Amino acid sequence: MNEERLMIFIDGSNLFHGIRYLNIKIDYGRLVDFLRESRRLVRAYFYTAVPQDRDVKKGTPEWESLIRQKRFLDELALSGIKVKLAKLRKLPSGEFIEKEVDIMLATDMLSLAFQNAYDTAVLVSGDSDFIYTVEEIQRIGKRVENATFKKTSSYNLRKTCDRFVLLDNFLDRFTYEEKPALYEEVGFWAKIKSLWKR
């Protein structure tokens, strides 16, 4: 195995827009393996935001959506992906806005680079707001790769990073081959049961 130490930073919201546009379901364990290649994975992080329970009325479609999202995040955590969670803020209009996620991701990438926790970071996002973060990480001698879908990709971010992977070209490497809902449900409860047996 290559001794290059790798960390993967997934911008959940940005990735979601690419997934929704292509109408696909991602197997995040396979996505991490695909991005890792033969390198030594230190950790993979997934950043997202969810509403607070008190801001969603029980029994509504929004509540059911929140429950599904929490189940999905539990599944990620059980598969070894570290979930970093911010809270969605509810506006007086009833709409939710995402705050803090990009800052959390950028801060972790920078902090871990300065702690020499990795040699290479893979940023799974097409958000050009990360350009300055990438440049600072490169300035201290670390490499940053960018992986994203064409729909959400920033040309300037791709140009700044040391390597770019267009995920659209490798869908067979990390999408579900069977019906995702059944697979996710069975996979989640199977993992819970395996934890109880330890």
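Small disclaimer: the values here were computed from a predicted structure and weren't measured.

**Topic: the overall build of the protein**
- Helix and strand counts for the protein stand at seven helices and eight strands.
- Counting every position in the protein, which comprises 198 residues, the buried fraction comes to 43%.
- Contacts spanning at least 24 positions in sequence make up 69% of the contacts within the protein whose residues lie at least 6 apart.
- Within the structure as shown, the protein displays about 11300 Å² of accessible surface, and the carbon and sulfur contribution to it stands at 50%.

**Regarding helix H5 (residues 131-139)**
- Taken residue by residue, H5 has Ile131, Thr133, Val134, Glu136 and Ile137 as its buried positions.
- Next to the buried residues of H5 lie helix H4 (101-114), strand S6 (120-124), strand S7 (143-148) and helix H6 (155-160).
- Positive backbone phi, approximately 95°, marks Gly141, located one or two places after H5.

**Remarks on the packing of aromatic side chains**
- Under the definition given, this model contains eight aromatic pairs.
- Look at Phe9 and Tyr45: their rings are 5.5 Å apart centre to centre, the planes differ by 15°, and that puts the pair in the stacked class. Linking Phe9 in strand S1 (residues 5-11) with Tyr45 in strand S2 (residues 40-50), this pair joins segments that are 36 residues apart in sequence.
- Under the relative-accessibility criterion, Phe9 is labelled buried at 0%.
- Among the residues examined, Tyr45 registers a relative accessible area of 8% and is labelled buried.
- Relative to Phe174, the ring of Phe34 has its centre 5.7 Å away and its plane inclined at 45°; by these criteria the two rings are tilted. One end of the pair, Phe34, is in helix H2 (residues 28-36); the other, Phe174, is in the loop between strand S8 (163-166) and helix H7 (180-196), and 140 residues separate them in sequence.

The rules behind these values
- Residues numbered from 1 in each chain as written.
- Predicted model: local features only at pLDDT ≥ 70, side-chain atom pairs only at ≥ 80, totals over all residues.
- Heavy atoms only, no water.
- Helix = DSSP H or I, 4+ residues; strand = E, 2+ residues; numbered from the N terminus.
- Buried < 20%, exposed > 50% of the residue type's maximum accessible area, 1.4 Å probe, protein only.
- Contact = heavy atoms within 4.5 Å.
- Areas by Shrake-Rupley, 256 points an atom, 1.4 Å probe, with all protein chains shown as cover.
- Phe/Tyr/Trp six-rings, centres within 6.5 Å; stacked < 30°, edge-to-face > 60°.

Interpretation in functional terms is not warranted from these geometric data alone.
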